[in-house]
Structure formats: structure tokens, C-alpha cells
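# A closer look at the structure
Below are the chains, spelled out letter by letter.
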Amino acid sequence: MSRPDIAVTGLGAVTPAGMGLEAAWRQVCQGTPTAATDPSLAGLPVDFSCRIPEFDIGAVIGRRKLWRLDRFTQLALAAADEAVHDAGLDPHTWDGARVGVVIGCGLGGARTWEAQHVRMEGLGPEAVSPMLIPMLVPNMAAGEISLALGARGPSLVAATACASGASALSVAQDWLASDRCDVVVAGGTESGSTRLMVTGFHRAGALSTRSDDPAGASRPFAADRDGFVMAEAAAILILERARDARARGVRPRALLAGTAASSDAHHPTDPHPHGAGAQSAMLVALADAGLSARDVDHVNAHATSTPKGDAVEADVISRMFPHRPSITSNKGALGHSLGAAGALEAALTVLSIQQSTVPPTANVDAPAPEFDLDLVTKTSRAQNIRAAASNSFGFGGHNVVVILTHG
Amino acid sequence: MSEAYDVVAEILTGKFQVPAEQVTPDATLGQLELDSLALVEFDLTLQDRIGVQFGSNAVTAGTTLAEVGEGIKAKLAAVGAATAAR
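Everything quoted here is computed from the prediction, not taken from an experiment. (Residues numbered from 1 in each chain as written. Chains lettered and ligands numbered in written order. Predicted model: local features only at pLDDT ≥ 70, side-chain atom pairs only at ≥ 80, totals over all residues. Heavy atoms only, no water.)

Assigned secondary structure in chain A consists of 13 helices and 16 strands. Relative to the globule expectation of 22 Å for 407 residues, the C-alpha radius of gyration of chain A, 20 Å, shows essentially globular dimensions. Counting only C-alpha atoms and orienting by the principal axes, one finds that chain A spans roughly 60 × 50 × 40 Å. Going through the 407 residues of chain A one by one, you find that 60% of them count as buried. A sequence separation of at least 24 residues applies to 79% of the contacts in chain A between residues at least 6 apart. Here chain A displays about 14,700 Å² of accessible surface, and carbon together with sulfur accounts for 53% of that area. Taking the average location of the 32 positive side-chain charges in chain A and that of its 40 negative ones, the two points are 3 Å from each other. (Helix = DSSP H or I, 4+ residues; strand = E, 2+ residues; numbered from the N terminus. Rg over C-alpha atoms; globule rule 2.2 N^0.38 Å. Buried < 20%, exposed > 50% of the residue type's maximum accessible area, 1.4 Å probe, protein only. Contact = heavy atoms within 4.5 Å. Areas by Shrake-Rupley, 256 points an atom, 1.4 Å probe, with all protein chains shown as cover. Lys, Arg positive; Asp, Glu negative; His and termini not counted. Charge placed at Lys NZ, Arg CZ, Asp CG, Glu CD.)

What follows is the structure in C-alpha cells.
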């Protein structure tokens, strides 16, 4: 029996562009950056990030639970609420035992961890919150979504660093294909731009140090790129078998046609110099989707704006896709939201397919001369997209590729 | 009600986002949906706010807000008496 088509039927996001996926889509289409000096990082070597603007999150997810949730879980709940509504599903009437939740998250509750550590050292063990552990463990994003939605099927958090959001989509695909679930709430969340985490990424040499021009700091594939910009975000996709969606009168936004994951087994943090693992993930994802490389019209690149990572990815893309599909990176506008990025970029790729529009890569006039890429820059490009690839790579040598096709 | 009660009410409507109309002297912490972990956090917040902590199991789901207020007053008075005696 052939594998059933998997449909994307709902989307939701909270990003540095604001509440709602639509805000993120407008932001990337305008090609304007969200990075800015971050008062909470004052005095640090890297003192800027992409922050989500203030909004009344309690009005969306319920005020009574705010005190006991780290921000990464609050964001995930808000994005899930939007996605479920977008899918036209009603958690009061669905068969919760058949609904799964899988969320990508790189860090978990870093903010809570750091704050409680300060209390422990300053005030003693009696001052440590009983909510420390429930707030910081990364799986709580999935646990709280399950609780809020009455989703009683499998739930878990996938941690593959900056590929986590894409890994979650891959797990969701498996659950639906193997008939373990009828609906999967899948995505990613991260709110890790704390003083310690930002400094940690900086010490690892991963961040842009363009403190005098934070808005221009994230410039994927540009010749003068110097590192990524930390961002917070959550993005959720509702996935179900396409035949089930159609049976309830819902037209898929797009199909999750294939996914694949590979591991570099090369170095803890450096990408493989020739992107062997990345290429393998692309090949297997295409095979999973039943497509060939030339079928890919568009690639939403991982491209975080690091010198080495972007170079390896550009090399792999031009080798894999000599027919030069359009390329974009959403990170110029929205920064790098770590464990959320793979899901957020898949969601934006769905909109690219639906709206036949490729957003530009913010802050980039042209790719570095050594990259043979058809990088969309400056303004959005109208393009009919039948199949698109969304790449995600993470510390640990994790490579995940998601193929989305026209519904 | 007392100043101590006002602090209790403020913690419940502020940090715990309990609707103000539910915060009444004879309401119990359990009726306001504070579970066991929330009770510990509530006690911890009292400590942060006014330096009074009841410790484990002294404040329960069955404790009313008025009783918490009275308990705070008694503890503050005890501290005051001890300070005066020194």
C-alpha cells in the first residue's frame, strides 16, 4: 500500500514580526530586518537580537497559567492556538487520543534556569521556585500544548539544535503515515536570547558582532556576513492525511511530500567541509517525496549568515540543483530562532507555494561572488512553485530537509 | 481588611492573575485553583514581597485569604517582639 499524502492544513506563528504568521510573512516579503539593540543584553559583547514585540499573550493562551510557564512554552501555546483555528479544527470535539504533538526546541527554559540559579546563589535553596524544573524542561512545550488542546496521543520534543523544528515535522510525518495519529500539531519554539545563552553562542564564534548596525547584521550568503543573530519565535503546522482533510472539506495549504534526516558524524559544531551529510539529507528527502532534484523550484535555505555554514550550504545547493532554483533565507529579516527556525521556515515556504511568491533575503544586495545561487534579493519574486525544499542544520551534525509541494 | 491581606490579594491578582472578583477574604487558596506547587510559589512570593514565609504545609488549599492575612500579621508581630526584646 502506498503512503498517504500528508497535508498542511493549519499554520500559526509568533515571531519578531509580531503575533501571527501573517505578520512574519509581511516582514519577510518587505525584506526588512527585525534585529535591534536589546536592552536586556546591555553591556555584553553582543547586545542585539530579534525580539518578539510586546503583546498580550495572556489573552491568547489564558492568564492563569502565565506564571508557571517559561516564555518558550507560552510562545508555543500561542502559535498552536492560531494553527488549530486556522485548520478549522475544534479541540472540544476531536478524538484527542488520535491527536499527537511534536515540537522542536533547542534550549528549553534557559531564562528560568538562569533566574533561579541567581536566586539559589544569592538567597539560598529555600528561595528556589518549585516550578524551576517544570518550567525549564524542553518537553514542556509539547506537554502544555497537549494539555491545552486535550491532545492525548503521543507527544514529545525533538532536540536537534537548529534543526529541531524540521525534525518535529519529520516525526509528525511518520506518525501520520503509520496511522498512529489522525492529526499532529507539529512545530518548533525557542526563546533563548538570554544574557548567558547569547554570550555562549558568541564565545563559540557563531554570532554576528555588528553591534553598530544590528539591523544589518543578519545577511545570509552575503560576502561580508559575520555570524547569525539570535531570535525568539514559535511556529506550528497542523498536519493530517490529505484524504482526511478533504473528507472534512478542507483544502490543504500544501503537502508535506517528504522529509529526511542525516548526521555528519564529522565534528560537534562544524559542518562537514563538503556538506556530505546535508547533501545526503537532500537526496533522501527527494526520494522520500518521489521527486528528482530538477523538480525543485525553490529552496528555503538554512543560511544563518555564518561564514562557514552558508558557504557549505551554497556549495551543496549549487551541486545538487544545477538548474538554479530560486533561493531565499528568512533569517535576514527574522534572525535565527534556533529550534523554531525549521518549523517557521517550513510554514513560510508553504505560503510561498500558496501565494506563488518568494520573499527576498533581507540585507543582501547579491550573494558572495563565489556562490552560484539564484538568490532572491531586495524585492519579492513572483514564481509558480510546485515543489520546494526547506533546509535545516544543527550543532551536532544534524541535517534535516523537508520537501513541500503544491496541494 | 489589613495591609497584610492587601499584599495577599495583590499577589493573587498580580502574579497568579486570579480575577479580582474571586479574591475575597473567605475564599480558600484551593478555590482559587492554587495546586500544591502553586502554594509553594505563593509562599515564596510572600517571602520575596514582605519577608514572611510560612514554610511547607502551613498554608494549604483549605486556608482562606483572611487566615493568610492574619497569619502574616501574627508573624510580623512576633518578629517585631523579638526585635524589641533584643
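Moving on, there is more to tell.
Let us now look at the packing of helix α1 (residues 3–13) of chain B against helix α2 (residues 36–50) of chain B. The description of two packed helices rests on the angle between their axes and on the distance between the axes. Residues and elements named next belong to chain B. Where α1 contacts α2, the axes come no closer than 11 Å and their chain directions differ by 120 degrees. Between α1 and α2, the interaxial angle falls into the category oblique. The two elements α1 and α2 meet at a crossing, and its hand is right-handed. The residues of α2 that touch α1, namely those facing Val 7, Val 8, Glu 10, Ile 11 and Leu 12, are Phe 42, Thr 45, Leu 46, Arg 49 and Ile 50. The residue inventory of the contact of α1 with α2, partitioned by class, reads seven nonpolar, one polar and two charged. (Axes fitted to C-alpha atoms, helices over the stretch in contact; angles between N-to-C directions. Parallel < 35°, antiparallel > 145°, perpendicular 65-115°, else oblique. Left-handed = near helix turned anticlockwise from the far one by under 90°. Nonpolar A, V, L, I, M, F, W, Y, C, P; charged D, E, K, R; others polar.)

All names here are of chain B. Across chain B, the average pLDDT comes to 92, with 98% of residues at or above 70. Mean pLDDT across the elements of chain B bottoms out in helix α3 (residues 65–85) (87) and peaks in α1 (96). Both scores are given for the predicted complex: the pTM is 0.97, the ipTM 0.91. (pLDDT = per-residue confidence, 0-100.)

Residues and elements named next belong to chain A. Following the criterion strictly, the structure yields 25 salt bridges over all chains and no others. Notably, a salt bridge pairs Asp 86 with Arg 253, separated by 2.9 Å at the nearest N-O pair. Taken together, the residues Asp 86 in helix α3 (residues 71–86) and Arg 253 in the loop between α9 (242–247) and β9 (254–263) connect sequence positions 167 residues apart. Looking at Arg 253, the relative accessible area reads 21%, which means it is partly exposed. Among the ionic pairs, Asp 179 bridges to Arg 98, the shortest N-O distance being 3.0 Å. Here Asp 179 is found in the loop between α7 (164–177) and β7 (183–190), whereas its partner Arg 98 is found in the loop between α3 and β5 (99–104), with 81 residues between them in sequence. What makes Asp 179 partly exposed here is its relative accessible area of 44%. Residues participating in the shared-partner salt-bridge network are Arg 98, Asp 179, Asp 182, Arg 241 and Asp 244. (Salt bridge = Lys/Arg side-chain N within 4 Å of Asp/Glu carboxyl O.)

Let us look at the interface of chain B and chain A. Chain B puts 16 residues into the contact, and the matching count from chain A is eleven residues. For the chain B and chain A pair, buried surface summed over both sides reaches about 1,100 Å², with 58% attributable to carbon and sulfur atoms. It is Gln17(B), Leu37(B) and Leu44(B) that lose the most area in chain B upon contact with chain A, and together they represent 42% of the buried surface on that side. Taken together, chain B and chain A are joined by one salt bridge. Of the charged contacts in the structure, one is a salt bridge between Arg119(A) and Asp48(B), with a shortest N-O distance of 3.0 Å. Summed over the shared surface of chain B and chain A, the result is four residue pairs in polar contact (both at pLDDT 80 or more). Tallied by class, the residues present in the side of chain B that touches chain A amount to nine nonpolar, three polar and four charged. (Buried area = accessible area lost by both parts, 1.4 Å probe. Polar contact = N/O pair within 3.5 Å; in protein donor to acceptor, adjacent residues only side chain to side chain.)

This brings us to unusual backbone geometry. All names here are of chain A. Residues other than glycine seldom take positive phi values, yet Phe 221 does so here, at roughly 70 degrees. For Phe 221, the location among the structural elements is in the loop between α8 (195–203) and β8 (233–241). Phe 221 sits in the buried class, given a relative accessible area of 0%. Unlike most non-glycine residues, Ser 356 shows phi in positive territory, near 50 degrees. Mapped onto the secondary structure, Ser 356 falls in the loop between α13 (341–355) and β12 (357–358). Since its relative accessible area comes to 26%, Ser 356 is described here as partly exposed.

Right, let's talk about the packing of aromatic side chains for a bit. As enumerated under the stated definition, the model contains five aromatic pairs over all chains in all. Ring geometry for Phe16(B) against Phe42(B): centres 6.4 Å apart, planes inclined by 55 degrees, an arrangement best described as tilted. Of this pair, Phe16(B) sits in the loop between α1 and α2 while Phe42(B) sits in helix α2, and the two are 26 residues apart along the sequence. An identical accessibility class is assigned to Phe16(B) and Phe42(B); each is buried. Through successive ring pairs, a cluster of aromatic residues spans Trp67(A), Phe16(B) and Phe42(B). (Phe/Tyr/Trp six-rings, centres within 6.5 Å; stacked < 30°, edge-to-face > 60°.)

For the rest of this paragraph, the subject is the layout of surface pockets. Size it by volume and the largest pocket reaches roughly 590 Å³. What lines the largest pocket is a set of 34 residues, and nearest its centre among them are Thr269(A), Pro271(A), Thr306(A), Gly309(A) and Phe395(A). Elements with a minimum of two residues in the lining of the largest pocket: α10 (276–289), α11 (307–320), β15 (387–394) and β16 (398–406) of chain A. Per element, the largest residue contribution to the lining of the largest pocket is six residues, and it comes from α11(A). A class-by-class count of the residues in the lining of the largest pocket yields 13 nonpolar, 16 polar and five charged. Here the second largest pocket is characterised by a volume of approximately 280 Å³. Around the second largest pocket, the lining comprises 13 residues; the ones closest to its centre are Val40(B), Asp43(B), Gly55(B), Ser56(B) and Asn57(B). (1 Å grid on protein atoms, 1.4 Å probe; cavity = no way out; pocket = protein on both sides within 12 Å on 5 of 7 lines; lining within 4 Å. Points joined across faces, edges and corners; volume = space filled by probe spheres on them.)

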